[in-house]
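Coordinates in review
Below, each chain spelled out in residue letters.
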Amino acid sequence: ASRLLTFSGITLRDLSKDLPIGSAEINSWYLKPFAMLMSSFQEVLLLDADAVLMITPDSFFEFPTYEQSGALFFRDRKMKWRNYNMRALIPSILPMPLSERAKQTQVLTGQSDYEQDSGCVVIDKKRHLFGLLAACLLNRPME
């Protein structure tokens with residue numbers, strides 16, 4: 001982390017000090033929506049440390065999909081978790097009736113328990129604040 005500070009324009013934030021819940025309660029990929037929410041930028045590009053880009057990072061903000069929707073996501077691998085039924089969980093948190101698009105997702109068609117990769121996410125917080133807040137709510141520690 002200290003090496004990052006040698007570059008100009010870099011600011012590091014310790015989410016365990018910025019959030020009312022400690023990092024011991026939220027860890028791993030569960031922190032990602034909180035990191036995006038706490039970012040000082042309106043438009044956020046979240047990349048995993050092991051992401052290998054084949055284009056410049058600023059190119060993501062110029063994708064037509066991003067410009068139109070204010071968000072850019074990538075499909076995740078197809079994989080099933082043992083003893084975990086995402087297919088039952090997703091409809092319980094989505095508004096009914098389910099849209100045709102939702103019905104065609106990898107999760108609801110039973111192809112995978114994953115839908116969206118979290119290793120590269122681009123979002124305009126001004127346009128999608130409520131969705132980001134919902135992601136934080138879903139990633140909070142359960143009581």
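Here's a quick rundown of the structure. (Residues numbered from 1 in each chain as written. Predicted model: local features only at pLDDT ≥ 70, side-chain atom pairs only at ≥ 80, totals over all residues. Heavy atoms only, no water.)

**Some words on the sheet that holds strand β2 (residues 71-75)**
To keep things clear, this is the line we draw: Any two strands with at least two DSSP bridges between them are considered paired. Helical segments are the DSSP runs of H or I of at least four residues, strand segments are the runs of E of at least two, and each set is numbered from the N terminus. Angles run from 0 to 180 degrees between N-to-C directions of axes, and those axes are lines fitted to C-alpha atoms, restricted for helices to the stretch in contact.
In spatial order, the strands read β1-β3-β2; together these 3 strands make up an open sheet with antiparallel pairing. Taken across any chain shown, the strands that pair with only one partner, and hence form the sheet edges, are β1 (43-47) and β2. Here the average twist between neighbouring strands, direction ignored, is 15°. Note that β2 and strand β3 (residues 116-124) share 4 bridges and pair antiparallel. The partner of A71 across the bridge, within β3, is I123.

**Re the nonpolar core**
As a reminder of what qualifies: Residues belong to one nonpolar core when they are buried, are Ala, Val, Leu, Ile, Met, Phe, Trp, Tyr or Cys, and are joined through side-chain atoms within 4.5 Å. Accessible area is worked out with a 1.4 Å probe on protein chains only. A residue is then buried under 20% of its type maximum, exposed over 50%, and partly exposed in between. Any pair of residues with heavy atoms lying within 4.5 Å of one another is described as a contacting pair.
In this structure, M36, V44, L46, V121, I123 and L132 together form the largest nonpolar core, which totals 6 residues. What L46 contacts, discounting residues up to four positions off in sequence, is K32, M36, S118, G119, C120 and V121.

**Focus on the pattern of salt bridges**
Let me state the cut-off plainly: The working definition used for a salt bridge is a side-chain nitrogen of Lys or Arg within 4 Å of a carboxyl oxygen of Asp or Glu.
Taken as a whole, this structure holds 2 salt bridges when the rule is applied. Note that D48 is salt-bridged to K32, the shortest N-O span being 2.6 Å. One end of the pair, D48, is in the loop between β1 and α3 (64-69); the other, K32, is in helix α2 (residues 32-38), and 16 residues separate them in sequence. For K32, a relative accessible area of 15% corresponds to the buried category. For E100, the salt bridge goes to K103, with nearest N and O atoms at 3.2 Å. Here the residue E100 and the residue K103 both occupy positions in helix α5 (residues 100-103), the gap between them amounting to 3 residues, near one helical turn. On the accessibility criterion, K103 (40% relative accessible area) is partly exposed.

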